[in-house]
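Observations on chain architecture
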Amino acid sequence: MTEKTYNVLFLCTGNSARSILAEGILNATGGGRFRAYSAGSQPKGAVHPLALKTLDALGYPAEGFRSKSWDEFAVPGAPQFDFVFTVCDNAAGEACPVWPGQPMTAHWGIEDPAAFEGAAFEKEQAFSQAARYLKNRISAFLNLPLSSIDAMALKKKLTGIGTLEGATTLAEKVK
């Protein structure tokens, strides 16, 4: 019997930093059980170079990423998602497209490392910290018993993951 592969979409407004980091981390650590994607409501059109540098520094693939609109995933033939996670407060507050299949959703907001103002090494630290917060959330997600947990309990667990260290104010309020 083949184990199900779960499709996961990470959403952020610009799809240039946090959602890219999350996509890269889950694809690298999901053990083939997950296929991660990322998109934005107002994509920047380019992936932030420090997002790619951070993925590479952590030993994850850093090629093949692009900043894209969530509209790409709301058309016939697009992947059907099992999970959709917002990783920025702006995306969580926007009216998202209707995703076929009624995926489980949760808000895993963390601060935007691309918005950090400071010296170059401090910006790199902001990206490293964002990646650490996302990796912690993804690790908790990977340890959930997805094939045996009921929907209400799963929703509660997914919401709780969004309140782990580094959660934004909105993520804390969703609790």
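Structural data are supplied above this passage.
Fair warning: this is a prediction, and the values are worked out from it, not measured in the lab. (Residues numbered from 1 in each chain as written. Predicted model: local features only at pLDDT ≥ 70, side-chain atom pairs only at ≥ 80, totals over all residues. Heavy atoms only, no water.)

**What about the pattern of salt bridges?**
Put simply, the rule is: For salt bridges, the criterion is a side-chain nitrogen of Lys or Arg within 4 Å of an Asp or Glu carboxyl oxygen. A run of DSSP states H or I qualifies as a helix once it reaches four residues; a run of E qualifies as a strand once it reaches two. Both are numbered from the N-terminal end. The rule is simple: take the accessible area with a 1.4 Å probe, protein chains only, and divide by the maximum for that residue type; under 20% is buried, over 50% is exposed, in between is partly exposed.
Per the stated rule, a full pass over the model turns up five salt bridges. Lys4 is paired through a salt bridge with Asp82; the nearest N and O atoms lie 3.2 Å apart. One end of the pair, Lys4, is in the segment before strand S1 (6-11); the other, Asp82, is in the loop between helix H2 (49-57) and strand S3 (83-86), and 78 residues separate them in sequence. As a salt-bridge pair, Glu124 and Lys53 come within 2.8 Å of each other at their nearest N and O atoms. With Glu124 in helix H4 (residues 120-142) and Lys53 in helix H2, this residue pair connects regions lying 71 residues apart in the sequence. Judged by relative accessible area, Glu124 falls into the partly exposed class, the value being 33%. Residue Lys53 is classed as partly exposed on the basis of its relative accessible area, which comes to 45%.

**Remarks on the nonpolar core**
What counts is decided by this rule: Throughout, nonpolar core names a set of buried Ala, Val, Leu, Ile, Met, Phe, Trp, Tyr and Cys residues whose side chains join them through atoms within 4.5 Å. Here, residues are in contact when the closest pair of their heavy atoms is within 4.5 Å.
Residues Phe10, Leu26, Phe83, Phe85, Trp108, Phe141 and Leu158 are the most contacted members of the largest nonpolar core, which totals 40 residues. Mapped onto this core, the elements with two or more residues apiece are S1, helix H1 (18-29), strand S2 (34-39), H2, S3, H4 and helix H5 (151-161). The biggest single contributor to this core is H4, with eight residues. Not counting residues within four places of it along the chain, the set of residues in contact with Phe85 comprises Val8, Leu9, Phe10, Leu11, Ala106, Trp108, Phe141 and Leu158. Leu9, Tyr37, Ala39 and Val84 belong to the second largest nonpolar core, which has nine residues in total.

**What to know about the pairing of S3**
Basically, it comes down to this: Whether two strands pair depends on DSSP finding at least two bridges between them.
Here S3 shows two buried faces, one formed by Phe83 and Phe85 and the other by Val84 and Thr86. Relative to S3, S1 runs parallel, the two being bridged by four bridges. Residue pairing in the sheet places Phe10 in a bridge with Phe85 of S3. With four bridges connecting them, S3 and strand S4 (residues 104-107) associate as parallel partners. If you follow Val84 over to S4, its bridge partner there is Thr105.

**Some thoughts on the packing of H2 against H4**
Just so we agree on the cut-off: To get an axis, a line is fitted to the C-alpha atoms, and for a helix only the part in contact is used. The angle between two axes follows their N-to-C directions and goes from 0 to 180 degrees. Each angle is binned into one of four classes, with values under 35 degrees roughly parallel, values over 145 roughly antiparallel, values of 65 to 115 roughly perpendicular, and all other values oblique. Crossing handedness is defined as follows: a turn of the near helix away from the far one that is anticlockwise and smaller than a right angle gives a left-handed crossing, while the clockwise case is right-handed.
Contact pair H2 / H4: the axes reach a minimum separation of 10 Å and the direction vectors enclose 60°. The angle between H2 and H4 places the two elements in the oblique class. In this structure, the crossing between H2 and H4 has a hand that is right-handed. Contact with H2, carried on its side by Leu50, Ala51, Lys53 and Thr54, involves Lys123, Glu124, Phe127, Ser128 and Ala131 of H4 and no other residues of that element.

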